[in-house]
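# A structural walkthrough
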Amino acid sequence: MAKTVTVHDPQAKLPAVAMAWQGPARGTPDFYAITMLSQLLFDGDSSRLYQSLVKDNKVAIEVDGGLGFPNAEHTDYRAPGLLSGVVFQKPGATAAIIAKLVYQQIEDVEANGVSPAEMARLKTKFSSEWLQSQQTTQDRATLLALATLFDGNPDAANTELRRFLAVTPEQM
């Protein structure tokens, strides 16, 4: 059952809706699938939620989220954790409309899956971002340290990308 809490912050410049779901254990098949799903829903201007909420329905100005958001990313996610996101509303939009549109996108993936073309774009974008995140020696050392700390094996850093790219539309 969903729990709804309203917080009024006099310092906030815009209203926002934050949502969260229990995240999977790190390193499980669900971890890789949920990471890819969160990329599909939240990552960038081409994400499903950005397109739906900002571009098509014009009820939001920004969408962000993912596994471990806002304090971590999938690379440094440690279970138990959350898949969470935030939507900054446009004036006049309601939290109920935002929530309805978010759940419509989730239900669409559940009912209709992800097309092969969309999955290919998602994997290409994910691979590109993964490789860009390892451009410097420090970036690579961080990834090795996280693999050692969270997975107990520095070599996990060398096999993670393959696991993410092995996710199928059916798993999402």
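Note that the structure is predicted; figures quoted are calculated from it, not measured.

### A closer look at the overall build of the protein
Helices and strands together make up the secondary structure of the protein, namely six helices and three strands. In terms of overall dimensions, the protein is globule-like: its C-alpha atoms have a radius of gyration of 17 Å, near the 16 Å expected for 172 residues. In terms of overall dimensions, the protein has C-alpha extents of about 50 × 40 × 35 Å along its principal axes. Here the protein holds 172 residues, and the buried ones make up 37% of them.

### Topic: the packing of aromatic side chains
Within the structure shown, the criterion is met by eight aromatic pairs. Ring centres 5.0 Å apart and planes at 75° place the aromatic pair phenylalanine 31 and tyrosine 32 in the edge-to-face group. Assessed through its relative accessible area of 0%, phenylalanine 31 is described here as buried. Judged by relative accessible area, tyrosine 32 falls into the buried class, the value being 6%. With centroids separated by 4.9 Å and ring planes inclined at 50°, the aromatic side chains of phenylalanine 126 and phenylalanine 164 adopt a geometry described as tilted. Of this pair, phenylalanine 126 sits in helix α4 (residues 116–132) while phenylalanine 164 sits in helix α6 (residues 156–165), placing them 38 residues apart in sequence. A single burial state applies to phenylalanine 126 and to phenylalanine 164, both of which are buried.

### Overview of the packing of helix α5 (residues 137–151) against α6
Axis separation between α5 and α6 bottoms out at 9 Å; the angle between their running directions is 90°. Looking at the two axes, α5 sits roughly perpendicular to α6. For the pair formed by α5 and α6, the contact residues are Arg140, Leu143, Leu144, Ala147 and Asp151 on the first element and Ala156, Ala157 and Asn158 on the second. Per-class residue counts for the contact of α5 with α6 are five nonpolar, one polar and two charged.

Thresholds applied
Residues numbered from 1 in each chain as written. Predicted model: local features only at pLDDT ≥ 70, side-chain atom pairs only at ≥ 80, totals over all residues. Heavy atoms only, no water. Helix = DSSP H or I, 4+ residues; strand = E, 2+ residues; numbered from the N terminus. Rg over C-alpha atoms; globule rule 2.2 N^0.38 Å. Buried < 20%, exposed > 50% of the residue type's maximum accessible area, 1.4 Å probe, protein only. Phe/Tyr/Trp six-rings, centres within 6.5 Å; stacked < 30°, edge-to-face > 60°. Axes fitted to C-alpha atoms, helices over the stretch in contact; angles between N-to-C directions. Parallel < 35°, antiparallel > 145°, perpendicular 65-115°, else oblique. Contact = heavy atoms within 4.5 Å. Nonpolar A, V, L, I, M, F, W, Y, C, P; charged D, E, K, R; others polar.

Functional significance is not addressed by these values, which are geometric in nature.
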